[in-house]
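# Remarks on the overall topology
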Amino acid sequence: MRAIPNCFKALYAVHKSRIQVMASRNRKRIGNTAAVGGDVPGDVSKKTTSRSRQAIKIEFEPDVNNEEKPDLMSLKDGIEVPMIKSETGDGDTQTEGPTQVLKSEDATASGSTDAATTPAKNKRSKREPLKVEPPSNWQKVLENIKIMRSTKTAAVDTMGCERTADLTVDPKIQRFQTLVSLMLSSQTKDQVTYAAMERLKARGLTVQSMLDVDEKELGDLLNPVSFYKRKSIYIKKAAKMLRDSYADDIPATVEDLMSLPGVGPKMAYICMNAAWNENVGIGVDTHVHRIANRLKWTGVKGTNDPEKTREALESWMPKELWQETNILLVGFGQEICRPVGPKCDTCLNKDICPSSTAKTKKPKKLKA
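Report on the accompanying structure. All of these numbers come straight from a predicted model, not from anything done at the bench.

The rules we used
Residues numbered from 1 in each chain as written. Predicted model: local features only at pLDDT ≥ 70, side-chain atom pairs only at ≥ 80, totals over all residues. Heavy atoms only, no water. Phe/Tyr/Trp six-rings, centres within 6.5 Å; stacked < 30°, edge-to-face > 60°. Helix = DSSP H or I, 4+ residues; strand = E, 2+ residues; numbered from the N terminus. Lys NZ or Arg CZ within 6 Å of the ring centre and 35° of its normal. Axes fitted to C-alpha atoms, helices over the stretch in contact; angles between N-to-C directions. Parallel < 35°, antiparallel > 145°, perpendicular 65-115°, else oblique. Left-handed = near helix turned anticlockwise from the far one by under 90°. Contact = heavy atoms within 4.5 Å. Nonpolar A, V, L, I, M, F, W, Y, C, P; charged D, E, K, R; others polar. Core = buried A, V, L, I, M, F, W, Y, C linked by side-chain atoms within 4.5 Å. Buried < 20%, exposed > 50% of the residue type's maximum accessible area, 1.4 Å probe, protein only. Lys, Arg positive; Asp, Glu negative; His and termini not counted. Salt bridge = Lys/Arg side-chain N within 4 Å of Asp/Glu carboxyl O. Disulfide = S-S within 2.5 Å. Expected span 1.5 Å × (residues − 1). Arc of directions from axis to C-beta.

### Some remarks on the packing of aromatic side chains
Under the criterion given, the structure shown has two aromatic pairs. Where Trp 138 meets Trp 316, the ring centres are 5.0 Å apart and the plane angle is 65°; that geometry is what we call edge-to-face. One end of the pair, Trp 138, is in helix α4 (residues 138–148); the other, Trp 316, is in helix α14 (residues 306–316), and 178 residues separate them in sequence. Taken together, Trp 138, Trp 297 and Trp 316 form an aromatic cluster joined through their ring pairs. Stacked on the ring of Trp 276, the Lys or Arg Arg 175 has its end atom at 4.2 Å from the ring centre.

### Quick look at the packing of helix α6 (residues 171–185) against helix α12 (residues 265–274)
Close contact between α6 and α12 brings their axes to 10 Å; oriented N to C, the two are set at 150°. The angle between the axes of α6 and α12 places the two elements in the roughly antiparallel class. The chirality of how α6 crosses α12 is right-handed. Seen from α6, the contacting residues are Thr 178, Leu 179, Leu 182, Met 183 and Ser 185; seen from α12, they are Lys 266, Met 267, Ile 270, Cys 271 and Ala 274. For the contact of α6 with α12, the residue count by class is seven nonpolar, two polar and one charged.

### Section: the nonpolar core
Counting 34 residues, the largest nonpolar core has Leu 179, Leu 184, Leu 200 and Met 210 as the members making the most contacts within it. With residues up to four places along the chain from it excluded, the contact list for Leu 179 reads Leu 242, Ile 250, Leu 257, Leu 260, Val 263 and Cys 271.

### Topic: the side chain of Asp 190
Along the chain, the position of Asp 190 falls in helix α7 (residues 190–203). No salt bridge forms around the buried Asp 190; measuring N to O, its nearest opposite-charge neighbour Lys 266 is 7.9 Å away. Ignoring any residue separated from it by four or fewer positions in sequence, one finds Asp 190 in contact with Ala 155, Val 156, Met 159, Gly 160 and Gln 334.

### Re the state of the cysteines
Enumeration over the complete set of coordinates arrives at zero disulfides. Here Cys 271 is not disulfide-linked; the sulfur of Cys 161 is the nearest cysteine sulfur, at 9.5 Å. For Cys 271, a relative accessible area of 0% translates into the label buried. No disulfide involves Cys 353; its sulfur sits 6.5 Å from the nearest other cysteine sulfur, which is in Cys 344.

### As for helix α10 (residues 228–245)
For α10, with 18 residues, the first-to-last C-alpha span of 25 Å sits near the 26 Å given by 1.5 Å per residue. Considered for burial, the residues of α10 that qualify are Lys 231, Ser 232, Ile 235, Lys 236, Ala 238, Ala 239 and Leu 242. In a view along the axis of α10, the buried residues occupy a sector of 165°, so they form one face of it. Exposed and facing more than 90 degrees away from the buried side of α10 are Lys 229, Asp 244 and Ser 245. In this fold, the buried residues of α10 make contact with α6, α8 (207–212) and α9 (215–222). Positioned one or two residues after α10, Ala 247 has a phi angle of 55°, which is positive.

### A few points about the packing of α6 against α7
Interaxial distance between α6 and α7 falls to 10 Å at its minimum, and their mutual angle equals 140°. The orientation of α6 relative to α7 falls into the category oblique. Relative to α7, α6 is oriented so that their crossing is right-handed. Mapping the contact onto sequence places Gln 177, Val 180, Ser 181, Leu 184 and Ser 185 in α6 and Thr 193, Ala 196, Met 197, Leu 200 and Lys 201 in α7. Looking at the contact of α6 with α7 residue by residue, the class counts come to five nonpolar, four polar and one charged.

In structure tokens, the structure reads:
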């Protein structure tokens, strides 16, 4: 008896029930034909009682290499399919069930998949923070940036989130105002955020006032801040969380700050710096992300999101420089290293920046 290849075994495992049904139908046809004396298979002009169905048994010879047979899992429709084994990040093996495909109309109607139809996720080990080697000239580049930023004429120097809180009120209220300012700053210019904060403070910007204010009125106060309607919802929800869990104060850790609606990593790290005066990380916004990649401070290949940029910078930059990095690079990005049309010709780093478009041309040597 010849051994049946593994591919046929897998097909049989998947279509086992269908094979049995088709085989029983064929036996019935043959039985009916024999009963009426017909020679044509499938001639069922005269009905007769078919023999009792018996399941077809197929025996497989053991493989020469003793390969392990796939585990089987029964689905609702009776079809058995092989289980899938996958390697986890810790080196362990876990077994997953098959993915059940939803019908298009069910998926459209529900809008989401049921937990029972979603395959289990592989266990993944915690990702190691990104580490890069700093450029050899980073200190010179940073020194030049500090010289260019010494005038403090950028918008972030006078209207940044760190400058919006009312310094005459209770420190707890100041911290809340700083948090609100950061929540408004996402995809919004400093000038627009600052003007909105002035309107909020004129009305009274406290946890209680944000709980009392009508959502529409709050939205009108925030307009034209980007996504002001959504941010007004976030602020009211955050105020309720601060009332319920933090006694009207803001959280004092990055993790707890990020648990608030509308608060991401950049806001959390800047808030720890500005509100709590805690130097726990670099706040990376679009300016810091862009400039760090242009200077190759994030490695030769660069990074494609702000969180990886933060990890790359923190892997080599001395911690005492973290606190000033955000304001330093944001102002530099607003005035000189702009996203479109950077002023490379006026930058002190034009000859050493790997992304410069205005490097000084060396004079040609005269031929003797």
